Structure formats: structure tokens, C-alpha cells
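Below are the chains, spelled out letter by letter.
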Amino acid sequence: MGFSQHLLILPILLPMAAGAILLLIEERRHGVKAGINIVATALLLVLACGLLRLADTGDAAGDAMTHTYRLGDWAPPFGIVLVLDRLSALMLVLASVLAAAALVFSLARWHKAGPHFHTLFQFLLMGVNGAFLTGDLFNLFVFFEVLLAASYGLMLHGSGTFRVRAGLHYIAINLAASLLFLIGVSLIYGVTGTLNMADLATRIPDVAAENQALLAAGAAILGIAFLVKAGMWPLCFWLPSAYMAASAPAAALFAILSKVGFYVLLRLTLLLFGEGAGPLAGLGSQVLLIGGMATIAFGAFGVLASQSLGRLAGYSILVSSGTLLAAVGLGDHAVVSGAMFYVVTSTLTVSALFLMIELVERAQEPGANLLTVTMEAYGDDIEPEAEDEEEVGVALPGALAILGICFGCIGLLLAGLPPLSGFIGKFALINAIFNPDGLGSATGGPDSIGWILTALLILSGLAALLAMMRTGIRTFWAPLEVIVPRVLVVEIVPIILLIGLCFLLTIQAGTVMRYTDDAAQALHEPRSYIEGVLPGPGQTSGVSTP
Amino acid sequence: MMELTLAIAIGCLTGSGVWLLLRPRTYQVVIGLSLLSYAVNLFIFSMGRLRVGAAPVLEGAGTVNPADYADPIPQALVLTAIVIGFATTALFLVVLLAARGLTSSDHVDGREP
């Protein structure tokens, strides 16, 4: 095991250490805390990019693209493993990019709006990274709980009646979902006698016929826990109000949380119930496909019906979740590759939109600045002088013009119109539905489900376009007295960077698609994952089912 | 007999838990979640198969027959689940108190219907 293999544990250890140190620093020393958080997040971003390179180039042996890290050097079916492949590396980079943007944005004011913002921020990153890296189901549960517990705190950051009320629902639903998670995990363990994902994949084809129903039930219950997280209709009613109530940087970071659900579903569906899974192959893919399409439709109606921009962003998350779930349901290699491109661009877009909302609302109603209200509600720990001091920060000249351009770009990205990367993501998906074997190999068009999905994808883009145009006209053109909002440079820079990344994705689409193609290829050949994790073929039979 | 007793106990706990979870008062929701987590803990435990008088830890050196021992993994899982469930319930209680203080109502929607 070379030094580079130890890098795998760092995305979990680094936020944990940073969060723990931040916990010990006095709450008033905002500067020190922010500094530590910035350093940790920047290191994490560099680390994630390094891991992306590692996952893409492979080790000295050449072909092994699945990197594993054995904790305590115990052999995998017994010990705990971390697994890095192209998909998890991509999600790690995405999470750290969002974290960096949300953190920079929060430095304007939000990080002072409540206690332990930086600590919770780092612990959330620890949970997210752990969930992307872990190689067994029970650790997935543990990391899920870590990220959920941190997200409960961040959700309530800034306090206020609205947040606490929405947070109450959010916590209750996620606690119930965690219990379903446990039931599913223990049923799967009861049937197969293992929790290691790779080991599970080798054992599922051999499960006795009388136990298959039990295993399917366990997997379905487990799936519900992830579908709640990913926000599939009809398990998604909590999502728009929770994300709307969260403070801007927290909501921008939460955009990755629903993608954690997508990641786990994609990983487990293709690994455990892929083509080689015997009688249980393709379990649940119909549910994901139909449910995903229902989610797109529900999200599109919600986007159209939204009066406030926050709710619109919440429903946009549902649209992107639905698209991704339907893609997992189709399970085709090219579709999954397109979905991975789409997940990057849609997460960056929605995150930028969540950051944008606060600035745009400042232009609409300066009196109803949510932050000042919550600051008062939060009360004594904040010295008013500190806020005044912050107000002297560098304000942005020409704020309205820049805001308008950013808003327009986000609208184009959400709607999936050219020339930005939202278009490429949707085009890749629709192209894969029409030509499963690549461009130009049309085989008489897709089946009816494919047509409906294509129609939904295009119509949901239209709905997003209409809603964004309506809000844009109301905000930037319609007001008789234009209020020029006070926008600090640190608030607009992360938004511009996120949109800039989408531009970069558009220009570098070929490189990114090559990467997602390879990742989808690897997901469809679980053998390489299994052989990467387990010591060798034929040595997998460890503990027998009791 | 042991299996039947445990199954009935899990069923009762789950049933009452779900009913309480659907009630409109926050305190009922907390108690419902606690009952559900007890039921889930028992369920995880029973997934290692019910055994009487079997140790979960292998003793002595040499070859041992795993069938003589209880499965230790579900017991370890239960411990983790208990700790996590305890922590999240405590956290939920804090939020409940905050909601009670801010909205002066213990209804889950923050206002009386």
C-alpha cells in the first residue's frame, strides 16, 4: 500500500479534525474560525481533485481503477473498506466545490448568524464524503447519520420561527427514514450474512429461492430510505419547504444531499441488482423509472406554481432528482453516463440559484430582509457593532446588471438551453434514450416510456424557463422604482464561479463526457469493483449465514 | 415460543410507534419515534437469529464451529444504532422545545388547525 492509498481516508479525517478543532475555539473569534474553515475546505478541494486524478489514471498496475483502503488492514469481507472509483471521486469533487462556494458566500454575514456554523459545516462534509467513499452498508448508515445530524443543525442555522417549523418536519421525516434504513440493512444481513457491498454482490445471485422475497423486501425498504433523501414523489413533500427555509449557504450545500441519495441508488442498483444478479436482476428499476418521471412532472408543476424564488429552487431540485432517478431506472450505460454529466451541471446550477435568491430578494424588498429579522431573533450573542463593521465591506458596483446576467445564466442552465452545460446534460440524456449505442446508431426510436421521458425532460425545461422569466421580469424590469441592492463582492464571487464552472463544463464537455463514460462503463461491469475490493476470486466465502 | 413473543413485541412497538408518529402533537411524535427505534433495535438483534446461552465471542484457539456461537455482528450493529438513535432523539427534543418556545404551540405545524 503506497502513500497515495492513504489519501483515501483523508476526505473523512480532514473535515473531522477541522470540525473538532473548530468546536474548541470560542464562538466570538469569528475570524479564526472562518480562517480554519477556509483552509480545511480549500485543502479538501485540492484533495478531491487529486483523488479524481487518481481514480481516473489508476495505479501502477494499470487497469485497476477501483482503489480501496482497508481500515486497520483487515481483509475486506470482515474489515471495513473505503472504495474510490470514478463515480465517487466525481461526487467528492462536486461536494467540495459546493462547500467552497457556500463557505465564501457565508463569509459576508451568514457565518455569524448562529453558533457552531463552521463546525457543523465541516461535519456535514465529513458525512457526505464518508457516504461517497464507504464500501459497506452499515458504515453508509453511520455516515448518513453524521451528515443528517450536521444538516439538522445547519438547517436551523439563523433560527427563526419559519426555520424551526420546517426543521421539525425535516428532522422527523429523516429520523423515520433512518429507521427504515436500519430495517433494510438488517434484513439484508439476515439473508446474506454480509454487509460489504462487493461481498453482497457476489452472494446475491446464490441466495436460496425461499429467501429471495425477504432479500427483495430488505432492498426495497432500504431503497425507500434513499428515495426520501433523493426526494422521489410521493416522498418529497418536505423538500421544497425545508430547502426554502434554510439559510442561503446551507441550502446551497444541501443541494448535494439529495444527490447522495441518487449516488447510493445508482451504486447499489447497478452493483447488487445489475445484469449478473440472477433472478433478482433489475429489482426496482421500474419503480425508479416511473417514480422518477412522476417526480419530474410534480417538480415541473411546482416550479410553475411557485410564487417565491426559494420555492422555485426547491422544486428545481425535485426536477433534477426525478431526472436522475429515471436515468437510474433506465440503467442503460449511455443514459447513466449522461446522468452523471447532468448531476454535475444541475447541482452547480441549483446551488448558484440558492445563493442568488438572497441577493435578488434584497433587490425586491429591502425592508423584509430575512437576515436582519433572524439576527434579532437570535439575539444576544451577536454584537451589533460586528454587523455594522461588516456592512463597510466592498460593495459591488453595477450590482443590478451583474445580478441580472447571473440570473439569466442560471435560467438558461435550469431550462437546459444552449449554449450552457444544462443543454449538454439534457442532450446527452435524450440522445442516450434515442440511440442507446451512441450517436448515429438509431434503431427506430425509443419505446413509449422513452418518448414520455423525453417529453417530460423537455417540458420540465420549458416550465423552468417560464418560471425564471416571470421572476426575472418581475424583479429586474417591472419595478417602477428600481432598488439597487447592496451586494458585497464575496457574495457575488461564488455565484460567478459556479456559473463559470458550468461554462467550463460546456467548453470541456468532451473531456468530462469521456470521464463519465468510463465511470458508467465501470459501473456496468461490477466485476472490477468486486475484484478491487475483495482479496481475490474464490476467497470470498467468509462467515456463513447463521 | 421465543420467536413468537419477540415478533409480537416488535409488532406492538411498531404499531404504537407509527400511530403516535402520525399524531399532531410534537411530544407524541417524539415518543412515537422512540418506540419505533426500540422496535427497530429488537428487529436488528433478531436478525442474528435468536439463541439461548450462546456466547457471541469465540473462545480458545484452534478450529471452532461457528454454529456454537451467537452472531456478534447484529449485536454490534444494535449498539451503534442505539447510540445514534439516542443522540438524534435528544437533538429532536431540543428542536421541539425551540418550536414550542417560538410558536407557543406544540402542534407539529406550529399553529392550531
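Owing to the predicted nature of the structure, the values given are computational and were not obtained by experimental measurement. (Residues numbered from 1 in each chain as written. Chains lettered and ligands numbered in written order. Predicted model: local features only at pLDDT ≥ 70, side-chain atom pairs only at ≥ 80, totals over all residues. Heavy atoms only, no water.)

Turning to the interface of chain A and chain B, a few remarks are in order. The interface is formed by 27 residues belonging to chain A together with 31 residues belonging to chain B. Carbon and sulfur atoms make up 81% of the surface buried where chain A meets chain B, a total of about 2,600 Å² over both sides. Summed over the shared surface of chain A and chain B, the number is zero salt bridges. Remark: the boundary between chain A and chain B carries four residue pairs in polar contact (both at pLDDT 80 or more). Among the secondary structure elements, those contributing two or more residues to the side of chain A that touches chain B are α6 (137-155) and α7 (161-192) of chain A. With 16 residues, α7 of chain A is the largest single contributor of residues to the side of chain A that touches chain B. (Contact = heavy atoms within 4.5 Å. Buried area = accessible area lost by both parts, 1.4 Å probe. Salt bridge = Lys/Arg side-chain N within 4 Å of Asp/Glu carboxyl O. Polar contact = N/O pair within 3.5 Å; in protein donor to acceptor, adjacent residues only side chain to side chain. Helix = DSSP H or I, 4+ residues; strand = E, 2+ residues; numbered from the N terminus.)

What follows is about the pattern of salt bridges. Residues and elements named next belong to chain A. In this structure the tally under the stated criterion is eight salt bridges over all chains. As a salt-bridge pair, R514 and D518 come within 2.7 Å of each other at their nearest N and O atoms. Residue R514 and its partner D518 are located together in helix α22 (residues 509-524), separated by four residues, close to a single helical turn. The partly exposed category is assigned to D518, whose relative accessible area is 26%. A salt bridge links E531 to R527, with the nearest nitrogen and oxygen atoms 3.3 Å apart. With E531 and R527 both in helix α23 (residues 526-533) and four residues apart, the pair spans about one turn of that helix. Given the relative accessible area of 45%, E531 is considered partly exposed. One salt-bridge network, in which partners are shared between bridges, spans D56, R86, R514 and D518. (Buried < 20%, exposed > 50% of the residue type's maximum accessible area, 1.4 Å probe, protein only.)

Here the focus is the packing of aromatic side chains. All names here are of chain A. Scanning the model with the defined rule gives 17 aromatic pairs over all chains in all. Measuring from centroid to centroid gives 5.5 Å for Y170 and W238, while their planes differ by 45 degrees, and the two rings are tilted. Taken together, the residues Y170 in helix α7 and W238 in helix α10 (residues 238-245) connect sequence positions 68 residues apart. The residues Y170 and W238 share a single accessibility class, namely buried. Plain terms: the ring middles of F237 and F298 are 5.4 Å apart, the flat faces sit at 85 degrees to each other, and that makes the pair edge-to-face. Of the two residues, F237 sits in the loop between α9 (212-230) and α10 while F298 sits in helix α13 (residues 285-305), which places them 61 residues apart along the sequence. Exposure remark for F298: the relative accessible area of 22% places this residue in the partly exposed category. Ring pairing ties together the aromatic residues Y152, Y170, W238, Y243, F254 and F354, which thus form one cluster. (Phe/Tyr/Trp six-rings, centres within 6.5 Å; stacked < 30°, edge-to-face > 60°.)

Our next topic: helix α4 (residues 86-106) of chain A. Relative to the 30 Å expected for 21 residues at 1.5 Å per residue, α4 of chain A spans 30 Å between its end C-alpha atoms, a close match to the ideal helical length. Summarising burial for α4 of chain A: 19 of the 21 residues are buried, a large majority. (Expected span 1.5 Å × (residues − 1).)

Quick look at a nonpolar patch on the surface now. Residue and element names in this part refer to chain A. Together, L304, L459, L462 and L466 make up an exposed nonpolar region whose accessible area comes to about 340 Å². The biggest single contributor to the nonpolar patch is helix α20 (residues 448-477), with three residues. Locating L459 in the fold gives a position in helix α20. (Patch = residues over 30% accessible without salt bridge, like charges linked within 9 Å, V, L, I, M, F, W, Y side chains within 5 Å. Areas by Shrake-Rupley, 256 points an atom, 1.4 Å probe, with all protein chains shown as cover.)

Before going further, it helps to examine the state of the cysteines. For the coordinates displayed, the defined rule picks out zero disulfides over all chains. No disulfide involves C409 of chain A; its nearest neighbouring cysteine sulfur is the one of C406 of chain A, lying 6.4 Å away. (Disulfide = S-S within 2.5 Å.)

Time to look at the pairing of strand β2 (residues 81-84) of chain A. Residues and elements named next belong to chain A. The alternating pattern of β2 places V81 and V83 on one face and L82 and L84 on the opposite face, and all of these are buried. Pairing of strand β1 (residues 67-70) with β2, which is carried by four bridges, proceeds in the antiparallel orientation. Bridged to T68 within β2 is V83. (Pairing = 2+ DSSP bridges.)

All names here are of chain B. Their axes nearest at 7 Å, the elements helix α1 (residues 2-21) and helix α2 (residues 26-46) cross at an angle of 155 degrees. Between α1 and α2, the angle falls in the class roughly antiparallel. Relative to α2, the crossing made by α1 is left-handed. Two secondary-structure elements touch here, α1 through L6, I10, L13, T14, S16, G17, V18, L20 and L21 and α2 through Q28, V29, I31, G32, L33, L35, L36, Y38, A39, L42, F43 and S46. Among the residues making up the contact of α1 with α2, the classes are represented as 15 nonpolar, six polar and no charged. (Axes fitted to C-alpha atoms, helices over the stretch in contact; angles between N-to-C directions. Parallel < 35°, antiparallel > 145°, perpendicular 65-115°, else oblique. Left-handed = near helix turned anticlockwise from the far one by under 90°. Nonpolar A, V, L, I, M, F, W, Y, C, P; charged D, E, K, R; others polar.)

Before going further, it helps to examine the confidence of the model for chain A. Detail in the predicted coordinates should be disregarded across regions flagged by low pLDDT. Residues and elements named next belong to chain A. Confidence in the prediction for chain A averages 82 pLDDT; 87% of positions are at 70 or higher. For residues 366-392, every residue scores under 50 in pLDDT, and the model assigns this stretch 32 contacts once sequence neighbours within four places are set aside. Across residues 538-546, where pLDDT falls below 50, the model places 15 contacts with residues more than four positions away in sequence or in other chains. (pLDDT = per-residue confidence, 0-100.)

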